[in-house]
Amino acid sequence: MDFSQVLDKCGNYGRFQVMILLLYGYTNILGSLHYFSQTLITFTPEHWCSHADLKGLSVEGIRSVYENISAASCTPLLGVVNGSGVVAADRKCRNWIFNRESGYESITTELKWVCDKSHHPAVGQSFFFMGSVVGTIIFGYLSDQIGRLPSLLMATLCGATGDFITSFVHTLPWFAFSRFMSGLSTDTMYYLMYILVFEYLSPKSRTFGLNIILAVFYCFGLMTSPWAAIWIGNWRRYLWLASLPALGVLIYPLLICESAQWLLTKRKYDEAVFCLKKVAKFNRRQVEESVFDEFVKYYRERESQDYKLNSHEDTFLAMFLTPRLRRFTLTLLVKSVIITLSCDVINRNMEGLGSSPFKLFSFTSIVYLPAGVAILLLQNKIGRKGMACTALFVGGLITTATGFMIAHLDPTENALLLAIMVALGRFGATVSYDAEIQYAAEIIPTSVRGQAVSNIHVIGLASSSLAFYVIYLAQFYKPLPSIFISCLMFFGAGLCLTLPETLNKLEVARNLGGWRKVCLERELPLLSLFFKKRKKC
């Protein structure tokens, strides 16, 4: 009696699953507040060099003064003559006038990190990215060594601590250090909780449970975070809002338990049984003791069979030893680069579109709801492969159209149309991203799922460092970033066609030995070609 059969008896979509899905939703809110905090705290509004003659003028009045002056943000004035500014040569700005968004004080406006200090927020962004790469590797490895739950708690609290420390900094070195610490949990807290929930849901309920919860709770976090920042009015207090709720994860061990499938890969059969009994009790199911005895017996026998095929401990690198799994792994890595870079460029490119970046980001985040519903309605019908391929292809078409609209339309007169196109672009990117993580989790064996998913995300996060350079392509031709991203998305759609369909067709192997066993079993009817085919598994 395997895990899915016992979980069915204990309840694979009962009260326990509802509880773990709600905690998954809470984690998504934490993740949304944390991930985009870097953007919100370093927002740089329109600004000009301050001068006594500019006092009392409206924003439009200041703009008219600087109308014929290039680099108005960093050009000091001798004075204002006949409504026009007179440039002061060989001087530097010491103070600025900021056109704050609803009075919001960012770290850029408070510490005056503009002009010759404008690189300071970028330094923090770089260290945040470095931390995300290091954290994904470390916590992904720990999740397969000490368990999903303790790794999740450590990652979440580590990132929240980084945010909290950031709220007290005044210098660049401390800002870089705190952002590095904050970045350690970026994406890690999300996918570790995803894996934990994934392993306690039946395959049929995964699409509904995971994607609807993601759509509702992550969307809520994204839509409210810009307004929360404006309402609080200060970047330091916003970081308190983003970090302190992370203490709520400390109650997770009281409500849920470790992944039983992970415990099985570590041969901790008694602990796996304990977790399943907890699930049954929470779901008010009565399960006979003989069921658990058969369950343990089944996996002990399976362990001895797997040992004959695989006597070494499973690692991520071992996934490259068999041609078939190596091809799948490389495809997932490349696809992660394409999807993550596309999402990052589309989500962060909010300026110069005729609308407030805060409001545009908030309103277009509503697309997470229809994106989750689209996955729910289509993924179990057209399959994982069809969903991933279609989302990337359609997203590529929308992104191309948006780029040409930006090039040929006046943003101030067509702000609504551009906002709609940005929303559609985020919709396609969101569907692609959400479909990708479930697809990867179903293909990768349980014993290396934490490491593999984390490494796939590391490669994707590494590609995010190229987002600035992609956006910079607009300096040569405005639609070029959109064309580049759309080409990547088309290529990614083609890559999806090379992956196997996992909907009701591919059983997720428990370990790499299981992959070899599946390969051997598939080739038994072809005895004459047995050895030749075995090499291709």
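For the structure itself, look to the data block above.
These numbers were taken from a predicted model, which means no experiment stands behind them. (Residues numbered from 1 in each chain as written. Predicted model: local features only at pLDDT ≥ 70, side-chain atom pairs only at ≥ 80, totals over all residues. Heavy atoms only, no water.)

A. Structural detail: empty space enclosed by the protein. Considering all chains together, one arrives at five cavities of 30 Å³ or more under this definition. Put simply, the largest cavity is a space of about 410 Å³. Lining the largest cavity we find 24 residues, and of these Y35, D187, Y218, Y368 and Y433 sit closest to its centre. Among the elements of the structure, α2 (15–35), α9 (188–198), α10 (203–232), α16 (323–348), α19 (415–443) and α20 (449–464) are those that each provide at least two residues to the lining of the largest cavity. Looking at the lining of the largest cavity element by element, the count peaks at five residues for α2. Of the residues contributing to the lining of the largest cavity, the split by class is 10 nonpolar, 10 polar and four charged. Inspection of the lining of the largest cavity shows a minimum of three residues originating in each of domain 1 (1–42 + 115–302) and domain 3 (321–519). (1 Å grid on protein atoms, 1.4 Å probe; cavity = no way out; pocket = protein on both sides within 12 Å on 5 of 7 lines; lining within 4 Å. Points joined across faces, edges and corners; volume = space filled by probe spheres on them. Helix = DSSP H or I, 4+ residues; strand = E, 2+ residues; numbered from the N terminus. Nonpolar A, V, L, I, M, F, W, Y, C, P; charged D, E, K, R; others polar. Domains from an automatic or database assignment.)

B. Local environment of the pattern of salt bridges. Taken as a whole and judged by the stated rule, the model has four salt bridges. Taking the shortest distance from any N to any O, the salt bridge between E105 and R100 comes out at 3.2 Å. The shortest N-O distance in the salt bridge between E289 and K277 comes to 3.1 Å. With a gap of 12 residues between them, E289 in helix α15 (residues 289–309) and K277 in helix α14 (residues 269–282) connect regions that are remote in the sequence. Judged by its relative accessible area of 45%, E289 is partly exposed. (Salt bridge = Lys/Arg side-chain N within 4 Å of Asp/Glu carboxyl O. Buried < 20%, exposed > 50% of the residue type's maximum accessible area, 1.4 Å probe, protein only.)

C. Just the state of the cysteines, in detail. A complete count under the given rule lists two disulfides for this structure. Covalently, C49 is tied to C93 through a disulfide, its sulfur atoms 1.3 Å apart. Across the S-S bond of C49 and C93 the torsion is about 80°, and the bridge reads as right-handed. One end of the pair, C49, is in strand β1 (residues 47–49); the other, C93, is in the loop between β3 (84–87) and β4 (96–98), and 44 residues separate them in sequence. C93 matches C49 in its accessibility class, with the two residues each being buried. Shown here is the disulfide that connects C74 with C115, its sulfur atoms set 2.0 Å apart. Between C74 and C115, the disulfide has an S-S torsion of -105° and is therefore left-handed. Highlighted residues: C74 in the loop between α4 (59–65) and β2 (77–81) and C115 in the loop between α5 (107–110) and α6 (120–145), separated in sequence by 41 residues. Disulfide partners in the chain, listed by the sequence order of the bonded cysteines, are 1-3, 2-4. (Disulfide = S-S within 2.5 Å.)

D. Layout of the nonpolar core. Grouped together as the largest cluster of nonpolar side chains are 72 residues, with contacts concentrated most on Y24, M193, Y200, L276 and F295. Broken down by element, this core gets its largest block of residues, 10 residues, from α9. Looking at which domains feed residues into this core, each of domain 1 (1–42 + 115–302) and domain 3 (321–519) supplies at least three. Apart from the residues lying within four places of it in its own chain, the contact partners of Y24 are Y190, M193, Y194, V197, L210, I213 and L214. Among the nonpolar cores identified, the runner-up in size contains 18 residues, and Y104, W113, V169 and Y238 belong to it. (Core = buried A, V, L, I, M, F, W, Y, C linked by side-chain atoms within 4.5 Å. Contact = heavy atoms within 4.5 Å.)

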